Amino acid sequence: MPDMPNRLYPAAPLPEQPPHTHAAPASPAQTQSAQQSAEPPEPATTLCPPTRRHVVQGLGTGAAALALGTVVAPADAQAAADHAAPGTAPSTHPAPPIQPNTPRFFSPAEFALLSAACERIFPADAQGPGAIALGVPHFIDGQMDTPWGRGELWYMQGPHRTDAPANLGYQLPYSPQQIYKVGLAGVMGWVQQTHQAAFETLAPEVQDSILTALEQNATQFDALPAATFFEQLRSDTIEGAFADPLHGGNRHMAGWLMMGFPGARGDYMDWVDRYDTPYPYGPVSIAGETAEHG
């Protein structure tokens, strides 16, 4: 596990399964020729209009699965994934200076897609800011450079039985770093093929239809089911919105303010029996940062 004890693990197409118990991926998708003749997905019914309720409950499973064939991630993406394999020794060379808004792990193109997708999963509305303003993409970027991101705390050895029952645990060879590298590269290629444009340049309703298709496991990127990538992205987006700001997301504790969560305050004894009285104080972070309600 990384820094956060209740870390959400990636799930395979079956819902709510952590990597220690998550279901085997779906059977291989249709052939490449099927993908070439596929039409872009229809507008989403599970992602539009997005609400906080949708985020908390998941994005729904009512839409019919869209069979769009197999997408193979580009060779350079696979090479990057191989380079990030679990157990790889970190470089001894000092890293170049990082600008405040420059991602450390993702390329600019990957980060642009990641940011746009996070914002559609957790959009700004009347209740509060969206994923980008909360720093969620930077939270995910930071989590990649952790033992969790590198898969060092997962059991990653084969054989990986894709037909195994859920109780036999995680059955894919990908660490979280690799899930993102392979998944983002696959989405880039898929969107370019079906829409002749980058994901982040598309209209919100089209972005929603693409995310819904991923959620419904409409395609596959190498051996990575689209639903596995989507669930990793969805769970990390929610975590980044509500984790302690120490980890890079939930900027200014705006996620906690939306929920009325008091954060890391140490003493609530004066309020234990006040069931009908709203807690009047704003949240406090682990580092001691404070925010005011209202």
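Summarised in this report is the structure supplied together with it. (Residues numbered from 1 in each chain as written. Predicted model: local features only at pLDDT ≥ 70, side-chain atom pairs only at ≥ 80, totals over all residues. Heavy atoms only, no water.)

Comments concerning the overall build of the chain
Now for step 1: When helices and strands are tallied, the chain shows nine helices and three strands.
Now for step 2: Secondary structure elements of the chain occur, N-terminal to C-terminal, as α-α-β-α-α-α-α-α-β-β-α-α.
Now for step 3: A burial count over the chain gives 47% of its 294 residues as buried.
Now for step 4: Look at the contacts in the chain between residues 6 or more apart in sequence, and 68% of them connect residues 24 or more apart.
Now for step 5: In the form shown here, the chain has an accessible surface area of approximately 14,500 Å², with 57% of it arising from carbon and sulfur atoms. (Helix = DSSP H or I, 4+ residues; strand = E, 2+ residues; numbered from the N terminus. Buried < 20%, exposed > 50% of the residue type's maximum accessible area, 1.4 Å probe, protein only. Contact = heavy atoms within 4.5 Å. Areas by Shrake-Rupley, 256 points an atom, 1.4 Å probe, with all protein chains shown as cover.)

As for unusual backbone geometry
Now for step 1: Residue Pro159 is reached from Gly158 by a cis peptide bond, and omega for that bond is 0 degrees.
Now for step 2: A positive phi angle, close to 60 degrees, is found at Asn217, a residue other than glycine.
Now for step 3: Mapped onto the secondary structure, Asn217 falls in the loop between helix H7 (204–215) and strand E2 (220–221).

Here's the deal with the nonpolar core
Nonpolar side chains in soluble globular proteins generally cluster together in the buried interior.
Now for step 1: One finds Ile140, Tyr180 and Leu214 to be the most contacted residues of the largest nonpolar core, which totals 45 residues.
Now for step 2: Secondary-structure elements contributing two or more residues to this core are helix H4 (108–121), helix H5 (136–144), helix H6 (176–195), H7 and helix H8 (226–242). (Core = buried A, V, L, I, M, F, W, Y, C linked by side-chain atoms within 4.5 Å.)

Remarks on the packing of H6 against H7
Now for step 1: Two numbers describe how H6 lies on H7: the axes approach to 12 Å, and their chain directions differ by 125 degrees. As judged from the angle between their axes, H6 and H7 are oblique. Seen from above, H6 lies across H7 with right-handed handedness. In this structure, H6 uses Val187, Trp190, Val191 and His195 to contact H7, whose residues at the interface are Val206, Ile210, Ala213 and Leu214.
Now for step 2: Along the lines of polarity and charge, the residues of the contact of H6 with H7 split into seven nonpolar, one polar and no charged. (Axes fitted to C-alpha atoms, helices over the stretch in contact; angles between N-to-C directions. Parallel < 35°, antiparallel > 145°, perpendicular 65-115°, else oblique. Left-handed = near helix turned anticlockwise from the far one by under 90°. Nonpolar A, V, L, I, M, F, W, Y, C, P; charged D, E, K, R; others polar.)

As for the packing of aromatic side chains
Now for step 1: Counted by the stated rule, this structure contains ten aromatic pairs.
Now for step 2: Where Phe106 meets Tyr180, the ring centres are 5.7 Å apart and the plane angle is 75 degrees; that geometry is what we call edge-to-face. Residue Phe106 is found in the loop between helix H3 (75–83) and H4, and its partner Tyr180 is found in helix H6; the two are separated by 74 residues along the sequence. Taken individually, Phe106 and Tyr180 each receive the classification buried, so the pair is uniform in this respect.
Now for step 3: Centre to centre, the rings of Tyr180 and Phe229 are 6.1 Å apart; their planes meet at 85 degrees, and the pair counts as edge-to-face. (Phe/Tyr/Trp six-rings, centres within 6.5 Å; stacked < 30°, edge-to-face > 60°.)

Description of the pattern of salt bridges
Now for step 1: Overall, the coordinates contain six salt bridges when judged by the stated rule.
Now for step 2: Three or more residues are tied together by salt bridges with common partners; here these are Asp145, Arg150 and Glu152. (Salt bridge = Lys/Arg side-chain N within 4 Å of Asp/Glu carboxyl O.)

Description of the environment of Phe111
Now for step 1: Mapped onto the secondary structure, Phe111 falls in helix H4.
Now for step 2: Separated by 73 residues in the primary sequence, Phe111 and Leu184 place their C-alpha atoms 9.1 Å from one another.
Now for step 3: Other than its neighbours up to four places away in sequence, Phe111 contacts Pro103, Phe106, Pro137, His138 and Asp141.

As for the side chain of Asn250
Now for step 1: Within the element layout of this structure, Asn250 appears in the loop between H8 and helix H9 (254–259).
Now for step 2: Leave out the neighbours within four places in its chain, and Asn250 touches Leu134, Gly240, Ala241, Phe242, Ala243, Pro245, Gly255 and Trp256.

Read these as spatial facts, not as claims about activity.
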